[in-house]
Every structure is written in C-alpha cells, then in structure tokens.
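# Overview (structure and organization)
Letter by letter, the chains look like this.
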Amino acid sequence: MQMLRKFGHAALGLALVMLVSVAPVRAADTVTIGTVGSPSANLWPLFIAIEKGFFTAENIKADLIYIPASAPAIQQVAAGSLDMSFSTGLVDPIRAAEQGAALAIARFEIQAPPYALIAKPSIKSLKDLKGKVVASNGQGSVSTYEVGKMLEREGLTINDVDLKVLPFTQMGIAFKNGAIDAGILIPPFVWQLEEQGLAVPFASVDDLVQPQPMTIAVIMANSEWVKANPDLVQRYMTAWLKGVREYCQAYHGGSNRQEVLDELVNSKTEPRRELLEKYPWPARSPNGGINVASMLDINKWYVKNKMSAVEFPADRVINSSFIDKAVAAAGPFQLQNKDSKLPGCR
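Just so it is clear, the structure is predicted and the values come from calculations on it, not from any experiment.

The topology assignment puts Gln249 in helix 11 (residues 230–251). Excluding its chain neighbours within four sequence positions, the residues that come into contact with Gln249 are Gly254, Asn256, Phe333, Gln334, Leu335 and Gln336.

The structure is reproduced here in structure tokens:
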C-alpha cells in the first residue's frame, strides 16, 4: 500500500509537471505600425529594438507597414486600420486633430532635425532659390515648414519657390533629369545623392530653423485603441525607449556602436557601412522630450500660410503618460562616452 501511495504521488507529480510543460504560451500581441515611405534613419531605434529583442521581451510583435505619405498614414490610424503611426511629421496629426480625429501623440522622437536642404552645385545660397523648383515630400509635411522657415531668414517666403511634392526615393531621379533644383531630404538619401554627385547639402535645418530643438516627428496612436489597451501601449513604450537609448549610446560612440552599426546595415536602410561611419546621425531625445515652443511654432506657421486652420494648445493631442512612466522605470539616461562632444541624444 505504501508503495502504491508513493507511486500515486510520483504519478501526480509527473502529471503536474506535464501540465505545466504543455501549458500554452500566450501569443504575442501584434501592434500594427504605419510609417511613411521606406526604411530611413527615422526608423533606426525601432530596428534596434526589434533586433535586440526588446519587443519580444515585452511579448509584442511589431508589424511595420510602409505607406506612401503622412496624411494617409494618419487617416488609417484615425480609422483604426493602424494602431500607431511611426516617425510621422507633426503637421498632418495637428490637421487631423483639428477635424476631430481620434488621435493621441504618444511620444516625440526627433530632437535634432535629420533634414538637410540640398541643391544643384550652381545654387550657392537660399536667395538663389527664388523662382526655383524645390522638392518636399508633402505639401503639408514638416519639411515644407522647414523650407519656408529657412527662406524667411533671407526675406523670402514659401510662395517664392515652385514647391514640388515628391517622395524621398524619387528625388534622385528628379535631380538627374533636371526636374528640380533643390530638395529637402533625410538620411540616408542626403548621403546617397551627395555621393552620386547629384546635389550638395548647403543648408542645415538644425542650424537655421528656430525655435530649437525642433519637434518634428512623433508616434501617433488611435486614442480609442490606447484607451482599450493601456498595458500593451505601456509595454510598447518600454521596448521603444530601450531602442532609443541604445541608439543614443551608439550615436555618442559608446561600447555598443559596432553592434548597432551591424544592425543598421542588416536593416537595409543603408547597406554601405562606410557611409554610416562617415556621416552624422540625427539626434533624438532619450526621454521622449518635447519642445512645446517648437510644436506651437509649426502650428502657427501653417495657419499663417493657410495650410492649417486653427491654432490650439499643445495638450489637446499630447498623451505623455506612457512614455513618462517608461522613463521613470528606466531611470535617468547615463551617457557611456563622457568624452563625446556631440549635441543631442542627452
């Protein structure tokens, strides 16, 4: 009888072990993210977070979908077809919010603008752009604001140039065919056109547009989806913040730089490692910070130029609670390479 009891206990223990071992693993939560165009420097922290398993650790599958322009990306977020839009310029979300769209800005990404105004070698100054064809990736995009603000420094306005809307991927062809005289682009397209001798960077947004630092790119989320999935949104922000901070350490030449370079090459954003080493990277806030003055100035400029209808308080669309909680949990950002003199990413 005692042997039977022992056997019974052993069998019960084995059954419990088997039950534990075959318990179903919870499926990862999918977050559908829309982003504009094609892989670019704006997406690097996301690629890093995916490659390093930060999303996997939070049981999230990041499903990235490329969309031709910012406005349709915002429309799809507002309609619920996408959960979030990623690296979206600030203008289209503001315009959509004016119309009552169900949107919330969950995080601000870019701290120093990655944009550069490049032009044919014959153009030497902003004044030379008067009457010329200048390409922007959207009539209502933040790049149009940047061009307009730079022109205003020389007594010109956005109406003094012939603004042509082109995706970044088509600007190289337009330069080659003589269809445009200048264009405003982001890495790696700036680097690629310079390497090909098609255009030369001659005006830096970061140097010429005030107030600084500019708040130009955001993560937008459907506000109803956020209300229904607060835990998922929090986990997403936690993973994303880790990717941003990994990026910022590499930006400053930290111990992870070579590993991050490998990940960026693998992302196919720019497969030539030498260009990633040669050119500066865009800075971003390791804490998701926002310069409210910059956000309000963008809104004001668009209203003045009749591209937007209403000026409104920043807190109308901002929900910083998730990123604030992620930052509080992670603690202050500690720069590894104390000798770095680079601005931004601090």
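Time to look at the environment of Ser340. Structurally, Ser340 can be placed in the segment after helix 15 (321–330). In this structure the C-alpha to C-alpha distance between Ser340 and Tyr251, which are 89 residues apart in sequence, comes to 9.4 Å. When sequence neighbours within four positions are dropped, the list of residues in contact with Ser340 reads His252 and Arg346. A distance of 2.7 Å separates a polar atom in the side chain of Ser340 from a polar atom in the side chain of His252.

Trp44, Leu117, Leu129, Tyr236 and Trp281 are the most contacted members of the largest nonpolar core, which has 90 residues in total. Ranked by the residues each element gives to this core, the list is headed by helix 11, at twelve residues. Once residues lying within four places of it in the same chain are set aside, the contact partners of Leu117 are Leu126, Leu129, Val134, Val147, Met150, Gly183, Ile184, Val200, Pro201, Phe202 and Ala203. The next biggest cluster of nonpolar side chains, apart from the first, holds nine residues, and it includes Ile74, Leu82, Val218 and Met220.

Cut-offs and rules
- Residues numbered from 1 in each chain as written.
- Predicted model: local features only at pLDDT ≥ 70, side-chain atom pairs only at ≥ 80, totals over all residues.
- Heavy atoms only, no water.
- Helix = DSSP H or I, 4+ residues; strand = E, 2+ residues; numbered from the N terminus.
- Contact = heavy atoms within 4.5 Å.
- Polar contact = N/O pair within 3.5 Å; in protein donor to acceptor, adjacent residues only side chain to side chain.
- Core = buried A, V, L, I, M, F, W, Y, C linked by side-chain atoms within 4.5 Å.
- Buried < 20%, exposed > 50% of the residue type's maximum accessible area, 1.4 Å probe, protein only.

The values are spatial; any link to function lies outside them.
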